[in-house]
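Coordinates in review
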Protein chains: 2
Amino acid sequence: MISKHHVVQKILKNHNNLNYFSTASAFAPANIALCKYWGKRDAELNLPYHSSFSLSLGKLGVQTTISFAQEDHDIIISNNQMIAQETEFAQRIIEFLNLIRPNKHTYFQIQSTANIPIAAGLASSAAGFAALVKACNRLFNWRLDKQELSILARLGSGSACRSLWHGFVEWHAGLAHDGMDSYGEPFTVQWPELRIAILIVSSQPKNISSRQAMKLASDSPFYHCWLTKVETDLTAIKRNILNQEFLLFGRTVEENALAMHALIQTSWPPIQYTLPATLAAIQKIWQAREQGLALFFTQDAGANLQLLFLQQDTLQVQALFPTAQIIAPFLNVP
Amino acid sequence: MISKHHVVQKILKNHNNLNYFSTASAFAPANIALCKYWGKRDAELNLPYHSSFSLSLGKLGVQTTISFAQEDHDIIISNNQMIAQETEFAQRIIEFLNLIRPNKHTYFQIQSTANIPIAAGLASSAAGFAALVKACNRLFNWRLDKQELSILARLGSGSACRSLWHGFVEWHAGLAHDGMDSYGEPFTVQWPELRIAILIVSSQPKNISSRQAMKLASDSPFYHCWLTKVETDLTAIKRNILNQEFLLFGRTVEENALAMHALIQTSWPPIQYTLPATLAAIQKIWQAREQGLALFFTQDAGANLQLLFLQQDTLQVQALFPTAQIIAPFLNVP
């Protein structure tokens with residue numbers, strides 16, 4: 001098995017220099033998978049069995065500042081709260097910092113602020129690792145390109161490799177054992193009328209992390225069919241975006257999410273991220289659609305939903321789901 | 001395509017005689033699929049893509065009496081209520097009677113009584129057609145064997161072919177175009193300690209009949225994997241019954257139900273028989289199991305659940321689900 005350390009060395013080989021800044025900041029958007037990522041062919045390097053496709057959430061994401069710490073340990077501050085070293089959250093960041101530490105006595109202070117609803121299942125760890133990698137690139141003056149940054153971000157959290165860009169992003173699964181061909185690539189089509197609404201149906205913590213659940217993925221009797229489904233959906237989603245065919249686009253995205261949750265519920269022990277409140281919201285969406293509203297949903301590995309619709313239907317969606325936060329992912333984005 | 005009429009002619013060829021009785025009665029039990037039936041290779045003859053496996057519900061089922069009607073149309077009475085000719089319920093029975101009518105001016109009175117909870121998704125049509133076929137066999141003095149009756153019952157409703165027997169029954173999918181090798185066969189192992197509880201979480205009618213939903217089955221991207229899953233599960237369930245290994249048996253049965261519902265939710269338009277209340281009950285079962293209770297469930301194409309457990313845990317299951325109706329499928333059964 002190839003280690004993360006090996007990959008980092010390979011990427012930074014010609015990029016190490018001693019012109020460090022004392023502090024650096026960067027922002028990365030959260031991203032919603034439209035064609036899901038489920039199942040790792042390499043758990044160390046976060047290499048997926050299949051490609052996936054996402055939409056970044058514009059100004060919603062994580063702003064991270066990295067600087068050198070005076071203390072003899074890393075300091076992790078998230079949303080103005082000091083995070084204890086032993087938490088899983090801090091441990092994942094510290095493990096990542098171990099990969100890029102110039103020497104073992106150098107410690108960092110990481111200060112990050114997320115403007116995405118807490119517990120919304122919006123993959124804040126993806127935005128967090130993408131922002132951290134971008135901030136490191138500035139701090140150390142690595143001058144890496146985005147593709148290389150995407151690979152580094154993937155080592156922190158798989159889907160982080162998609163949060164290096166705004167808009168639509170494809171994560172190429174790649175074939176290489178060291179994952180040097182597994183990174184995000186922007187799919188540079190704009191769709192200004194597209195809207196996403198974040199619908200929080202429960203703020204209960206998940207009963208199982210997606211990291212844990214994903215380990216069971218390839219045991220599912222449906223995994224083989226899932227791989228074929230993803231391939232078909234990925235092609236269809238890109239074609240639907242190119243043609244701006246919203247009804248086909250929404251259908252494919254929703255089909256893909258339903259298939260992922262179908263897959264998850266066929267592992268053992270069975271996993272169900274869908275809560276009764278999620279199901280009630282889904283049935284409300286289906287009823288609205290039967291009455292002619294062009295409204296679709298996707299659902300990550302959690303209980304909450306992300307609604308997809310076009311600008312023209314904003315008032316109707318607001319009336320149906322008054323608490324949903326509406327995002328225009330292509331407007332006012334740098 | 002081979003017609004139902006053709007199959008009936010084939011079966012009755014050497015069994016027609018003129019010694020009719022004026023009336024005849026029969027009972028058939030409801031059955032719960034432990035390894036589900038989903039998808040028809042022939043919608044006319046109700047021929048499945050794959051074999052399935054069920055457990056009959058002992059004294060719960062349908063008692064049917066058939067006699068000749070004086071009127072110039074069939075009379076259908078269910079649970080002491082006259083059923084209007086135009087209803088789907090009556091139409092399905094009349095269509096079946098058309099197959100066995102000695103001449104087109106002979107009409108029948110069908111009187112059936114179900115002692116299964118109404119709207120429990122307990123496939124009362126399966127028990128109904130099995131009882132009707134048995135009653136016809138007596139009325140016309142056909143002297144058909146159970147295998148032939150099973151084929152006739154299948155023409156009325158696929159899973160009816162399993163309701164000819166008590167206990168465990170396998171429905172062999174068969175390969176023949178005319179379905180003469182597609183019938184039920186008892187799996188003659190007793191399991192006296194086994195209990196089923198009928199848990200009604202909703203008496204809302206289904207939003208789509210299983211007949212309709214099943215038409216979409218083979219379009220699912222997971223159908224191919226489902227066929228493999230069923231084959232594995234069917235073998236495992238029989239082995240678990242032979243070894244009376246309840247934990248493995250329960251797991252396989254539950255996995256199979258979850259897989260069927262996963263399959264259903266990946267058709268388009270998506271179908272979801274699971275209601276929020278179903279999901280709440282499922283989570284209650286999973287929590288109880290985590291705490292050590294050997295309790296599993298299965299779910300047919302409907303919102304309600306059937307719980308599986310052993311006699312020794314009856315009090316605990318009753319405490320968890322006080323409204324559930326508990327059945328001992330191997331006790332006091334003829």
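Refer to the structure above for everything that follows.
Thresholds, definitions, all that
- Residues numbered from 1 in each chain as written.
- Chains lettered and ligands numbered in written order.
- Predicted model: local features only at pLDDT ≥ 70, side-chain atom pairs only at ≥ 80, totals over all residues.
- Heavy atoms only, no water.
- Helix = DSSP H or I, 4+ residues; strand = E, 2+ residues; numbered from the N terminus.
- Contact = heavy atoms within 4.5 Å.
- Disulfide = S-S within 2.5 Å.
- Buried < 20%, exposed > 50% of the residue type's maximum accessible area, 1.4 Å probe, protein only.
- Pairing = 2+ DSSP bridges.
- Axes fitted to C-alpha atoms, helices over the stretch in contact; angles between N-to-C directions.
- Core = buried A, V, L, I, M, F, W, Y, C linked by side-chain atoms within 4.5 Å.
- Least-squares fit on C-alpha atoms with pLDDT ≥ 70 in both.
- Buried area = accessible area lost by both parts, 1.4 Å probe.
- Salt bridge = Lys/Arg side-chain N within 4 Å of Asp/Glu carboxyl O.
- Polar contact = N/O pair within 3.5 Å; in protein donor to acceptor, adjacent residues only side chain to side chain.
- Phe/Tyr/Trp six-rings, centres within 6.5 Å; stacked < 30°, edge-to-face > 60°.

Considerations on the side chain of His261(A)
Looking at where His261(A) falls in the secondary structure, it is placed in helix H7 (residues 246-264). Look past the residues within four positions of His261(A) in its chain and what remains in contact with it is Tyr273(A), Thr274(A), Gln299(A), Asp300(A), Ala301(A), Gly302(A) and Gln265(B).

Considering the state of the cysteines
Enumeration over the complete set of coordinates arrives at one disulfide over all chains. Each disulfide pairs two cysteine sulfurs, and for Cys225(A) the partner residue is Cys225(B), the sulfurs being separated by 2.4 Å. The chirality of the disulfide connecting Cys225(A) with Cys225(B) is right-handed, given an S-S dihedral of about 105°. One end of the pair, Cys225(A), is in helix H6 (residues 223-242); the other, Cys225(B), is in helix H6 (residues 223-242), on a second chain. The exposure classification of Cys225(A) matches that of Cys225(B), with both residues buried. Cys136(B) carries a free sulfur, and the closest cysteine sulfur to it, the one in Cys161(B), is 17 Å from it. Cysteine Cys161(B) remains unbridged, with the sulfur of Cys35(B) as its closest cysteine sulfur at 13 Å. Taking relative accessible area as the criterion, Cys161(B) reaches 0% and is therefore assigned buried.

With respect to the sheet that holds strand E11 (residues 296-298) of chain B
Residues and elements named next belong to chain B. Taken in spatial order, the four strands make up an open sheet running E11-E12-E10-E13, and their pairing is antiparallel. Edge positions in the sheet fall to E11 and strand E13 (325-327), since each of these pairs with one other strand and no more. Averaged over all pairs of adjacent strands, the angle between their axes in this sheet comes to 30°, without regard to strand direction. Pairing of strand E10 (residues 194-199) with strand E12 (residues 305-310) involves six bridges; the strand directions are antiparallel. Paired with Ala197 across the bridge in E12 is Leu307. Sheet strands in contact with helix H7 (residues 246-265) are E10, E11 and E12, and its direction is about 35° off that of E11. Running at roughly 15° to E12, helix H8 (residues 276-290) makes contact with E10, E11 and E12 of the sheet.

Examining the nonpolar core
Of all hydrophobic cores here, the largest spans 188 residues; its most connected members are Trp38(A), Phe168(A), Trp38(B) and Phe168(B). The contact partners of Trp38(A), leaving out residues within four places of it in the chain, are His50(A), Ser210(A), Ala213(A), Met214(A), Ala217(A), Tyr223(A), Trp226(A), Met260(A), Leu263(A), Ile264(A), Tyr273(A) and Ala301(A).

Examining the sheet that holds strand E10 (residues 194-199) of chain A
Sheet strands line up and pair through hydrogen bonds in the backbone, either parallel or antiparallel. Residue and element names in this part refer to chain A. Strand order in the open sheet formed by four strands is E11-E12-E10-E13, with antiparallel pairing between adjacent strands. The sheet terminates laterally at strand E11 (296-298) and strand E13 (325-327), the two strands that pair on one side only. In this sheet, neighbouring strand axes are inclined to one another by 30° on average, regardless of whether the strands run parallel or antiparallel. Lying over the sheet, H7 contacts E10, E11 and strand E12 (305-310), oriented at roughly 35° with respect to E11. Sheet strands touched by helix H8 (residues 276-290): E10, E11 and E12. Its angle to E12, the strand with the most contacts, is close to 15°.

Details of the relation of the copies chain A and chain B
Once turned by 180° and shifted 0.0 Å along the axis, chain A lies on chain B with an RMSD of 0.0 Å. Taken together, the rotation and translation describe the operation of a two-fold axis. Comparing interface residues between copies, 100% of those in chain A also lie at the interface in chain B; the contact surface is shared.

A short note on the interface of chain A and chain B
Between chain A and chain B, the contact holds 28 residues from the first and 28 residues from the second. Summing both partners gives a buried area of about 2,500 Å² for chain A against chain B, and 76% of it is carried by carbon and sulfur. The largest per-residue losses of area from chain A upon contact with chain B belong to Phe222(A), Gln265(A) and Trp268(A), which jointly make up 27% of the total buried on that side. On the surface where chain A and chain B come into contact, there are zero salt bridges. Put simply, chain A and chain B have two residue pairs in polar contact (both at pLDDT 80 or more) between them.

Thoughts on the packing of aromatic side chains
With the rule as written, the count across this model stands at 35 aromatic pairs over all chains. Relative to Phe246(A), the ring of Trp191(A) has its centre 6.2 Å away and its plane inclined at 80°; by these criteria the two rings are edge-to-face. Highlighted residues: Trp191(A) in the loop between strand E9 (184-187) and E10 and Phe246(A) in helix H7, separated in sequence by 55 residues. Of the two residues examined, Trp191(A) and Phe246(A), each falls in the buried class. Seen from their ring centres, Phe53(B) and Phe168(B) are 5.8 Å apart, and the 25° between their planes marks the pair as stacked. Highlighted residues: Phe53(B) in strand E4 (residues 52-68) and Phe168(B) in strand E8 (residues 168-171), separated in sequence by 115 residues. With relative accessibility at 1%, the residue Phe168(B) sits in the buried group.

Quick word on the environment of Val201(A)
Structurally, the position occupied by Val201(A) is in the loop between E10 and helix H5 (210-215). Along the primary structure Val201(A) and Tyr223(A) are separated by 22 residues, whereas in three dimensions their C-alpha atoms are 28 Å apart.

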